[in-house]
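# Coordinate analysis (summary)
As a plain string of letters, each chain reads:
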Amino acid sequence: MKIDVDGQTAHVYTGGKPFDPSLPCVVFIHGALHDHSVWTLLARWCAHHGHGVLALDLPGHGQSAGPVLPSVEATADWLLALLAAAGVRQPGQVTLVGHSMGSLIGLEAAARQPALVGRLVMVGTACPMKVSEALLTTARDAPLKAIDMVNAFSISSLATKPGYPGPGMWLHGSNRALMRRSLAGPNATGCAVNLFHHDFSICDAYTGGLQAAAQVTARVTLALGQFDQMTPPRATRDLAAALKARVVTLPSGHSLPAEAPDELLTALRSALS
Amino acid sequence: MAGYTDPGFDTLALHAGATPDPTTGARATPIHLSTSFVFQSSEHAASLFNMERSGHVYSRISNPTTAVLEERIAALEGGAGAIATASGQAALHLAVATLAGAGHHIVASSALYGGSHNLLDYTLRRFGISTTFVPPGDVDAWRAAIRPETRLLFGETLGNPGLDVLDIPTISAIAHAANLPLLVDSTFTPPWLLKPFDHGADLVYHSATKFLSGHGTVVGGLLVDSGAFDWAASGRFPELSEAYDGFHGMVFSEESTVGAFLLRARREGLRDFGACMSPHTAWLVLQGIETLPLRMARHVENTRKVVDMLSRHAMVSRVGYPELESHPSHALAKRLLPRGCGAVFSFDLKGSRAQGVAFIEALKIFSHLANVGDCRSLVIHPASTTHFRMDDAALARAGIGPGTIRLSIGLEDADDLVDDLKRALKVAEKTA
């Protein structure tokens, strides 16, 4: 589905069913150099179990037009504008589900419109989400090498079962292909260097997480990867306390939506109940 | 942190896709000889069928043992995923049937395995898919043969029978300029020798019967997707970018940005045509792949010794191995195949068909049969077997002489192979 947001076309996956704004809405927000397709299993489940689903391609990512936005805060504003354009208005009926960079965008959006967002699920998150200088530099100077580094640190196993989005997929290879596709995407305008460096930079620069948490009234779940080396579970203690969040730890690395889709679905169903 | 990356080839050959079995602790991959898999509940069943969850339902579509093999070959090729099939021919058919239908067209190298040529030139034509064959080295011919209804460019990494090296970077660039994918048959060049995706190919398939399994014990195929081709942006593949009534109105390119082809191939091609791989076969191919790096190094080492002997032998008029400067693909081989040009090649024996037959019958270690890529050395004389109905003129048009011999070099002691060939050449000489 295409939605016009501030004169730019946003691409949104709706879970295999037409979007109905009268239903409780679940919004999926992807992480750095990803797109909506990291969420399709969860999105399909939600769409076929009584929810209106919006799995976004963020500006400049996937099939959404650019330019990319300069900060987590600006992207949160864009997200709220998209919800308004989609006719999502029922107070408390919106659940934001964000992965990694997307979790920060969800946090900031939940703080800006606490009446609208009833639930927030932050997947593979940390606050602050500092990115190592080595990774930032490599993302800037050698993004293909940085993709391989992120793969090595994000995926906890050489055998992720049952495979995402289905058996026979090699997660290291499919994640590399998706990131390379995003990096070369035609819509990634507005980046100072490249989309990878841009995404990591806005995560690194975002410092308002704990202040935002103080504004959040939504019921919050943190879904963390037991073996996550990108955003280790211990890096969420202050955030979890500030949000009074329920914390669930899943057998996964940082790529929870692909590594542990069944376990994440269980956590999401619990959050939605 | 800098420097960390995916594991190397030898590590992936042993570990990609497999972990100790969570139930039994078995370290080796178990063989799951089960047709179907129990649903946890009715809701679980429905969500599996509707692709709300990933998992196994029925072994024609997917199986835990077969999935390990699929992940492993995808890892070794540098791809996004793979599908195991009943044979290499089934893998080729699955690729074509996923991308093309009646009225569509393929541009293919003329230097193909006979079975592939038959499928394209005769069988698929009966189903409305036509093919234009072009000499693999004629770049202009590839470009000129593309039509609006073309859906695929296809060639073998090492063409049959002359081992023409496919110029993958150039042919893939031609394909991509026309918004088309390049499919290659990489059976003669397992990923230890060549990774076609690194050079621009979009889809790769193998007859796993050959070097991947490596022991001449199974028949199987593997189809691998790089995940790089943008099917939706191409505009030529509504099968992948528009709603499919045969699977809940699914738009495969929406479901998976990089796995759309494999989703459709599995959810339609395996489901409807049914040419799946047995879990037992998958296990045997896995056993082979675990030693692939060691075996390929030895295959190439032995082949070089045999090629060296034959290229200096008085009874041999030609040796067709791309590492030789005399081979038309020598320069391309140096660029694309630095680890070696595999272990299958042909040479021309001076003399008649009868001398060719005498040579074959004098061999003691080489087995006379119609296969390649075994750990044992193999030989065949096309003029008296696969092409015996052809007269000498027809053979010449096919690039085969009355004394052409094809060898597949195995893992025996190289000196024994050289001695066996020398002795048989002496017998052929005396038969004149």
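Because the structure is a prediction, the values reported are computed rather than measured.

### Concerning the overall build of chain A
When its secondary structure is counted, chain A shows 11 helices and eight strands. Over its C-alpha trace chain A gives a radius of gyration of 17 Å, about what one expects of a compact globule, namely 19 Å for 273 residues. Its C-alpha atoms put chain A at 45 × 40 × 40 Å along the principal axes.

### Details of unusual backbone geometry
In this structure, A:P165 follows A:Y164 across a cis peptide bond, with omega equal to -5°. The topology assignment puts A:P165 in the loop between α5 (143-154) and α6 (171-183). Residue B:N160 is joined to B:P161 through a cis peptide bond whose omega torsion reads 0°. Note that B:P161 resides in the loop between β4 (150-156) and α7 (168-177). Positive phi outside glycine occurs at A:D6, with the angle close to 50°. Looking at where A:D6 falls in the secondary structure, it is placed in the loop between β1 (2-5) and β2 (8-13). Overall, A:D6 belongs to the exposed group, with 11 C-beta atoms counted inside 10 Å.

### Some words on the sheet that holds strand β9 (residues 344-349) of chain B
Residue and element names in this part refer to chain B. Reading across from one edge, β8-β9-β12-β11-β10 is the order of the five strands in this open sheet, with mixed pairing throughout. Of all the strands in the sheet, just β8 (316-320) and β10 (367-368) have a single pairing partner and so form its edges. Pairing geometry for β9 and strand β12 (residues 404-408), over five bridges, is antiparallel. Note on β12: the bridge partner recorded for F347 is I405. Each of β9, β10, β11 (378-380) and β12 touches helix α15 (residues 353-362); the most contacted strand, β9, lies at about 130° to it.

### Looking at the packing of helix α1 (residues 40-47) of chain A against helix α11 (residues 261-272) of chain A
Residues and elements named next belong to chain A. Running from amino to carboxyl end, α1 crosses α11 at an angle of 40°, the nearest separation of the two axes being 10 Å. By the criterion of interaxial angle, the relationship of α1 to α11 is oblique. As for how α1 packs across α11, the hand of that crossing is right-handed. In contact with L41, L42 and W45 of α1, α11 contributes P261, L264, L265 and L268.

### Regarding the domain arrangement of chain B
Residue and element names in this part refer to chain B. Under the domain assignment, chain B is made up of domain 1 (10-289) and domain 2 (294-431). The interface is formed by 21 residues belonging to domain 1 together with 28 residues belonging to domain 2. Residue composition of the side of domain 1 that touches domain 2, grouped by class: 11 nonpolar, seven polar and three charged.

### Side note on the packing of helix α4 (residues 133-141) of chain A against α5(A)
All names here are of chain A. Direction vectors running N to C along α4 and α5 enclose 140°, while the axes themselves pass 6 Å from each other. Classified by the angle between their axes, α4 and α5 sit oblique to one another. Each of L135, T138 and A139 in α4 lies in contact with α5, whose residues at this interface are P143, K145, A146 and M149.

### Observations concerning the sheet that holds strand β6 (residues 203-207) of chain B
Residue and element names in this part refer to chain B. Spatially, β1-β7-β6-β5-β4-β2-β3 is the arrangement adopted by the seven strands of the open sheet, whose pairing is mixed. The strands lining the two open edges of the sheet, one partner per strand, are β1 (81-85) and β3 (130-134). Along the sheet, successive strands turn relative to each other by an average axial angle of 20°, direction set aside. Bridge analysis of strand β2 (residues 105-109) against β4 gives four bridges, and the strand direction is parallel. Bridge pairing in β4 links A108 to F154. Across the sheet, helix α4 (residues 88-99) is in contact with β1, β2, β4, β5 (182-185), β6 and β7 (221-225); its angle to β7 comes to roughly 40°. Each of β2, β3 and β5 is contacted by helix α5 (residues 114-126), which is oriented at about 145° to β3, the strand it contacts most.

Criteria and cut-off values
- Residues numbered from 1 in each chain as written.
- Chains lettered and ligands numbered in written order.
- Predicted model: local features only at pLDDT ≥ 70, side-chain atom pairs only at ≥ 80, totals over all residues.
- Helix = DSSP H or I, 4+ residues; strand = E, 2+ residues; numbered from the N terminus.
- Rg over C-alpha atoms; globule rule 2.2 N^0.38 Å.
- Buried ≥ 20, exposed ≤ 12 C-beta atoms within 10 Å, placed from the backbone.
- Pairing = 2+ DSSP bridges.
- Contact = placed C-beta atoms within 7 Å.
- Axes fitted to C-alpha atoms, helices over the stretch in contact; angles between N-to-C directions.
- Parallel < 35°, antiparallel > 145°, perpendicular 65-115°, else oblique.
- Left-handed = near helix turned anticlockwise from the far one by under 90°.
- Domains from an automatic or database assignment.
- Nonpolar A, V, L, I, M, F, W, Y, C, P; charged D, E, K, R; others polar.

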